[in-house]
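Summary of structural features
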Amino acid sequence: MLKIKNLNVFYGGIHALQGISLDVPKGKIVTLIGANGAGKSTTLRTLSGLVKARDGQIKLDGEEILGLPSNEIVARGVAMVPEGRKIFPNLTVRENLAIGAFQRNNKAEISKDEELVFTLFPRIKERVSQKGGTLSGGEQQMLAVGRALMSHPKLLTLDEPSLGLAPLLVKGVFDIIKHIHEEGRTVFLVEQNAFAALKLADYAYVMEVGKITLQGTGQELLQNDQVRKAYLGG
Amino acid sequence: MPFSLFVQNVLNGAGLGLLYALVAIGYTIVYGILRLINFAHGDIFMMAMFFVYYGAFLTPIPWGICAVLAIGLTILLGVTIERVGYRPLRGAPRVSGLCAAIGMSFFLENFAIVVFGGRPKPFLYPDVLDKVVIIAGIHIRAITFITPVVCVVALLGLNYLIHRTKMGLAMRAASRDFDTARVMGVDINKTVSFTFGIGSGLAAIGAILWAARYPQIHPFIGVFPGWKAFTAAVIGGIGSINGAIAGGFLIGFFTIMLVAFFPSLSGYKDVFVFVILIVTLLLKPTGLFGELE
């Protein structure tokens, strides 16, 4: 579904992404792991049009999306759960969900997806008229995932969804991702929490300072010595 | 002070306060979304007056329709100013935008001098606005009565646009977090154009009512109201719409009251506005409704 080829991104003089290539096949969970500053978030931000690439290709179902404005990319079916959740604190929970569906106009289908989000996250439903800023960290993460689902995406991308959450909530987040995937969605997950991400993933890429250095199925990488040493604590 | 005079002053103050509020909103929503002080806003206000003036003067179109067309033209002008003057500087250091805004202000003023002429012109408006109506024994000029009514209707319209429409939602989201709004599918350029359109439209409504109150117009007519409305926006907390309304109302209303109750101090009425500014910022540096970023 998603094919990234030889992507080069520069921040000023820094070569942040050095010709990375990766594949996210339809219906799979693919994860990108790596240390802080490796370029994981840059990869996602380039995919969603927030960062300009120098060259390379990003193809969604065979169509080039690199260089399109962010709103076009959302319209073609890529949704993002941004790092740090980025709930709009001044909007109500319902408005936060509504803005997730910004590119859509069919009211009936939108409210169908809203119901879906509510079944997935009953807690969110209880809080629909509250301001986003009043939610707890865990609730905000649920809302951020729900908001992304509101665009009815082909591809759901998540940037460090476990960041800053208590361990119990982290498990909850990964369970939700698994559940969403089991319902047939394609997921591209960027994580520092390598263990949890690899356990979940069909296929995984390891990134180090702007390059992809390793790849394999989640299971393979969990067994890999290099990965164990660098990311899994031995 | 006799009661009827008091009522006249209250209406007068409310009208002026709401006029400042309409203009202040333009500063505050543009700042909210772009973090830019649009110094040309007062000059957009001035242009709206000239649009009505020339529409009514040169064409046989009825005044009311001229006023509506002028509001439309002013919206177009505001959107064009952003498109031509500010959008190319998006992402540039903030001081570049500031310079562009000051430049745009000078450009509009000098454009008006060259094209419209520097000599003050009498602003024509329908006689009906001058009619004195008597309500419960109190004599009120129609314009004094109409101004607050039109302003309140405009504010209700604004409230609808901001809270009940998709573009309003986009505006509120983008004013908090540009990048996340984009990732949600919001077209930022459209949203910014929409914001300039709303600000300019409200300024045009304010300008037409202003010119009917003080019916002499010239290329610098927007400068002082612009500065005071900007001050109002800062008093209310720049970026906050409710703040701009409160700030505008506060300075307009109390200026009129000061002159009404202490006529000997009327020479200080502009000083008074800035005293309110200084006191507010001393007590609450973010303004009445402002929040820390």
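A short tour of the structure in this document, coming up. Every chain is numbered on its own, with residues counted from 1 as its sequence reads. Think of it this way: whatever chain is written first is A, whatever ligand is written first is 1, and the rest follow in order. Two thresholds apply to this predicted model, a pLDDT of at least 70 for residue-level local features and 80 or more for giving and counting side-chain atom pairs, whereas whole-chain, interface and lining totals are computed over all residues. Only hydrogens and water are removed before side-chain values are computed, so all heavy atoms of the structure are retained for them.

Once that is clear, we can look at the overall build of chain A. The secondary structure content of chain A amounts to 10 helices and 10 strands. Computed over the C-alpha atoms, the radius of gyration of chain A is 17 Å, within 12% of the 17 Å expected from 2.2 N^0.38 for a compact globule of 234 residues. Projected onto the principal axes, the alpha-carbon positions of chain A cover approximately 45 × 40 × 30 Å. Residue exposure (1.4 Å probe, protein chains only): buried if accessible area is under 20% of the type maximum, exposed if over 50%, otherwise partly exposed. In chain A, buried positions account for 53% of the 234 residues. Only heavy atoms enter the contact rule, under which two residues are in contact if any of them lie within 4.5 Å. Taking as baseline every contact in chain A between residues at least 6 positions apart, the subset at least 24 positions apart corresponds to 67%. Each accessible area value is a Shrake-Rupley result obtained with a 1.4 Å probe; residue values ignore everything except the protein chains displayed when judging cover. For chain A, the exposed surface amounts to about 10500 Å²; the carbon and sulfur share of it is 51%. All tallies of charge rest on Lys and Arg as positive and Asp and Glu as negative; His and the ends of each chain are not included. Charge coordinates come from a single atom per side chain, which is NZ of Lys, CZ of Arg, CG of Asp or CD of Glu. If the 29 positive side-chain charges of chain A are averaged to one point and the 24 negative ones to another, these points end up 2 Å apart. Secondary structure elements are defined from DSSP: runs of H or I of at least 4 residues count as helices, runs of E of at least 2 residues count as strands, and each element is numbered from the N terminus. A radius of gyration in this sense is built from C-alpha atoms; the matching globule rule multiplies 2.2 Å by the number of residues raised to 0.38.

Here we take up the pattern of salt bridges. One side-chain nitrogen of Lys or Arg within 4 Å of one carboxyl oxygen of Asp or Glu is enough to make a salt bridge. Per the counting criterion, the structure on display carries 18 salt bridges over all chains. A salt bridge links Asp113(A) to Arg104(A); the shortest N-O distance between them is 2.8 Å. Given a relative accessible area of 7%, Asp113(A) falls into the buried group. Salt bridges sharing partners connect three or more residues here, namely Arg45(A), Asp179(B) and Arg182(B).

Residue and element names in this part refer to chain A. Position of glutamate 139 relative to the elements: it lies in helix α6 (residues 137-149). On the basis of relative accessible area, glutamate 139 is assigned to the buried category, the value being 5%. Among the polar contacts made by the side chain of glutamate 139, one reaches the side chain of arginine 127 at a distance of 2.9 Å. Beyond its immediate chain neighbours, meaning those up to four positions away, glutamate 139 contacts Arg123, Ile124 and Arg127. Here a polar contact means two N or O atoms within 3.5 Å. Within protein one must be a hydrogen donor candidate and the other an acceptor candidate, and residues neighboring in sequence count only if both atoms are side-chain atoms.

This paragraph deals with the pairing of strand β7 (residues 155-159) of chain A. Residues and elements named next belong to chain A. Across the five residues of β7, five count as buried, placing the element largely inside the fold. Residues Leu155, Thr157 and Asp159 point to one face of β7 and Leu156 and Leu158 to the other, with burial holding for every one of them. Pairing analysis gives four bridges linking strand β6 (residues 78-81) to β7, with the strands arranged parallel. Note on β7: the bridge partner recorded for valine 78 is leucine 155. Should DSSP find at least two bridges between two strands, the strands are taken to pair.

Right, let's get into the sheet that holds strand β9 (residues 203-208) of chain A. Residue and element names in this part refer to chain A. Read across the open sheet, the six strands follow the order β6-β7-β8-β3-β9-β10; overall the sheet is mixed. Strands with a single pairing partner mark the edges of an open sheet, and in this sheet they are β6 and β10 (211-217). Neighbour to neighbour, the strand axes of the sheet diverge by 15° on average, direction disregarded. Relative to β10, β9 runs antiparallel, the two sharing six bridges. Residue valine 206 lies in a different strand from β10, and its bridge partner there is leucine 214. Note on definitions: angles span 0 to 180 degrees between N-to-C directions of axes, and those axes are lines fitted to C-alpha atoms, for helices only across the stretch in contact. Where helix α1 (residues 40-47) meets the sheet, it contacts β3 (29-34), β6, β7, β8 (186-191) and β9, and its direction lies at approximately 145° from that of β7. Each of β3, β7 and β8 touches helix α7 (residues 167-182); the most contacted strand, β8, lies at about 155° to it.

Our focus in this paragraph is the packing of helix α3 (residues 63-86) of chain B against helix α8 (residues 188-213) of chain B. Residue and element names in this part refer to chain B. Where α3 contacts α8, the axes come no closer than 8 Å and their chain directions differ by 140°. Comparing the axis directions of α3 and α8 gives the class oblique. The chirality of how α3 crosses α8 is right-handed. Of the residues in α8, those touching α3 at Trp63, Ala67, Ile71, Thr74, Ile75, Gly78, Val79, Glu82 and Tyr86 are Val192, Ser193, Phe196, Gly197, Ser200, Gly201, Ala204, Ile205 and Ile208. With respect to orientation, any angle under 35 degrees is reported as roughly parallel, any angle over 145 as roughly antiparallel, any angle of 65 to 115 as roughly perpendicular, and every other angle as oblique. Crossing handedness: left-handed means the near helix sits turned counterclockwise from the far one by under a right angle, and right-handed means the same turn made clockwise.

At the interface, 24 residues of chain A touch 18 residues of chain B. When two parts are put together, the accessible area they lose, computed with a 1.4 Å probe and summed over both, is reported as buried area. For the pair chain A and chain B, the two sides together bury roughly 1800 Å², of which 64% comes from carbon and sulfur. When the buried surface of chain A facing chain B is broken down by residue, Leu50(A), Phe88(A) and Phe102(A) rank first, second and third, together holding 32% of it. Taken together, the links from chain A to chain B amount to two salt bridges. Salt-bridge contacts for Glu95(A) lead to Arg172(B); the nearest nitrogen and oxygen are separated by 3.0 Å. The interface formed by chain A and chain B holds eight residue pairs in polar contact (both at pLDDT 80 or more) in total. Counting residues per element, the ones that place at least two in the side of chain A that touches chain B are α2 (70-75) and α3 (93-100) of chain A. It is α3(A) that provides the largest number of residues to the side of chain A that touches chain B, a total of four residues. Class assignment for the residues of the side of chain A that touches chain B results in 11 nonpolar, eight polar and five charged. Here the nonpolar group is Ala, Val, Leu, Ile, Met, Phe, Trp, Tyr, Cys and Pro; Asp, Glu, Lys and Arg are the charged ones; every other residue, Gly included, is treated as polar.

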